[in-house]
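Reading the structure
Chain by chain, the residues:
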Amino acid sequence: MTETPQTTTAAPRTNGRIYLDKQSPAAYKALLGTAEAVRATAADAGLDRILVELVNLRVSQLNGCASCLDVHTRAALRAGETSRRLGVLAAWRDTELFTGRERAALALAEATTHPSDALAQERAYAEARTVFTDDELSAVLWVAVAINAFNRVSILSKHPVRDTPAR
């Protein structure tokens, strides 16, 4: 005899997937609390909002999270980032448009997203140590860890990116 799974609440679905954040709101609320703490950590460390959004965007590019790319592109533009730099972010190593600190943060973001590449991780960490204080380094890593978690929630839920009118 097989048991039929029981659902206690009806969360919105897309393409047969549950919205993880809606299905388990307490867990998602805890993740939002982590995001708040990470934002405060970044601000307390003095990280520029544009640098934080570049990390959010690069991780979201690597993970292919359309929803997070949409949210953080708009946030980066509001923070003063240019469309030119956003347009070449995926190829940041091949441009001279990013500062040494931004380049170090982007390398750390990539190493955090793909931790199995130990050599890249060691190189990224060593470079970051030359341009960031311990507090800044910790904050950059936490930003990358947090956006990776949100990417997973959005990707697994298949959160849509909806066309919204420009303001």
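See the structure printed just above.
What comes next concerns the included structure. Worth saying up front: this structure is predicted, and the values here are computed from it rather than measured.

**Considering the overall build of the chain**
- Secondary structure assignment for the chain yields eight helices and two strands.
- Beginning at the N terminus, the succession of helices and strands in the chain can be written as β-β-α-α-α-α-α-α-α-α.
- When burial is assessed residue by residue, the chain has 38% of its 167 residues classed as buried.
- Long-range pairs, those at least 24 residues apart, make up 67% of the contacts in the chain between residues at least 6 apart in sequence.
- Of the accessible surface of the chain, which amounts to about 10,100 Å², a share of 54% is contributed by carbon and sulfur atoms.

**Examining helix α3 (residues 49-63)**
- Between its terminal C-alpha atoms α3 stretches 21 Å, which fits the 21 Å expected from 15 residues at 1.5 Å a residue.
- Along α3, twelve of the 15 residues are buried, which leaves the element largely enclosed by surrounding structure.
- Residues Ile50, Leu51, Val52, Glu53, Leu54, Val55, Asn56, Leu57, Arg58, Val59, Ser60 and Asn63 constitute the buried set of α3.
- In this structure aspartate 48 caps α3, since a side-chain oxygen of it lies 2.9 Å from the backbone nitrogen of isoleucine 50.

**Re unusual backbone geometry**
- The phi torsion at lysine 158 lies on the positive side, around 55°, for a residue other than glycine.
- With respect to the helices, strands and loops of the structure, lysine 158 is situated in the segment after α8 (134-157).
- The partly exposed category is assigned to lysine 158, whose relative accessible area is 37%.

**A short note on the state of the cysteines**
- Enumeration according to the criterion identifies zero disulfides in this entry.
- Free of any disulfide, cysteine 65 has its nearest neighbouring cysteine sulfur in cysteine 68, separated by 3.4 Å.
- Taking relative accessible area as the criterion, cysteine 65 reaches 1% and is therefore assigned buried.

**Details of the layout of surface pockets**
- Estimated volume of the largest pocket: approximately 530 Å³.
- Forming the boundary of the largest pocket are 25 residues, of which Cys68, Val71, His72, Ile147 and Phe150 lie nearest the centre.
- For the lining of the largest pocket, the secondary structure elements donating two or more residues are α2 (25-44), α3, α4 (66-79) and α8.
- Across the lining of the largest pocket, the residue classes tally to 13 nonpolar, six polar and six charged.

**Overview of the pattern of salt bridges**
- Under the defined criterion, the tally for this structure stands at ten salt bridges.
- For arginine 39, the salt bridge is made with glutamate 36, and the minimal N-O distance between the two is 3.1 Å. Note that arginine 39 and glutamate 36 are positioned in helix α2 at a spacing of three residues, about one turn of the helix.
- Judged by relative accessible area, which is 40%, arginine 39 ranks as partly exposed.
- The closest approach of N and O atoms between arginine 129 and aspartate 134, which form a salt bridge, is 2.5 Å.

**Regarding the packing of aromatic side chains**
- Following the criterion strictly, the structure yields one aromatic pair and no others.
- Relative to phenylalanine 150, the ring of tyrosine 28 has its centre 6.0 Å away and its plane inclined at 85°; by these criteria the two rings are edge-to-face. With tyrosine 28 in helix α2 and phenylalanine 150 in helix α8, this residue pair connects regions lying 122 residues apart in the sequence.

What counts, and where the lines are drawn
- Residues numbered from 1 in each chain as written.
- Predicted model: local features only at pLDDT ≥ 70, side-chain atom pairs only at ≥ 80, totals over all residues.
- Heavy atoms only, no water.
- Helix = DSSP H or I, 4+ residues; strand = E, 2+ residues; numbered from the N terminus.
- Buried < 20%, exposed > 50% of the residue type's maximum accessible area, 1.4 Å probe, protein only.
- Contact = heavy atoms within 4.5 Å.
- Areas by Shrake-Rupley, 256 points an atom, 1.4 Å probe, with all protein chains shown as cover.
- Expected span 1.5 Å × (residues − 1).
- Polar contact = N/O pair within 3.5 Å; in protein donor to acceptor, adjacent residues only side chain to side chain.
- Disulfide = S-S within 2.5 Å.
- 1 Å grid on protein atoms, 1.4 Å probe; cavity = no way out; pocket = protein on both sides within 12 Å on 5 of 7 lines; lining within 4 Å.
- Points joined across faces, edges and corners; volume = space filled by probe spheres on them.
- Nonpolar A, V, L, I, M, F, W, Y, C, P; charged D, E, K, R; others polar.
- Salt bridge = Lys/Arg side-chain N within 4 Å of Asp/Glu carboxyl O.
- Phe/Tyr/Trp six-rings, centres within 6.5 Å; stacked < 30°, edge-to-face > 60°.

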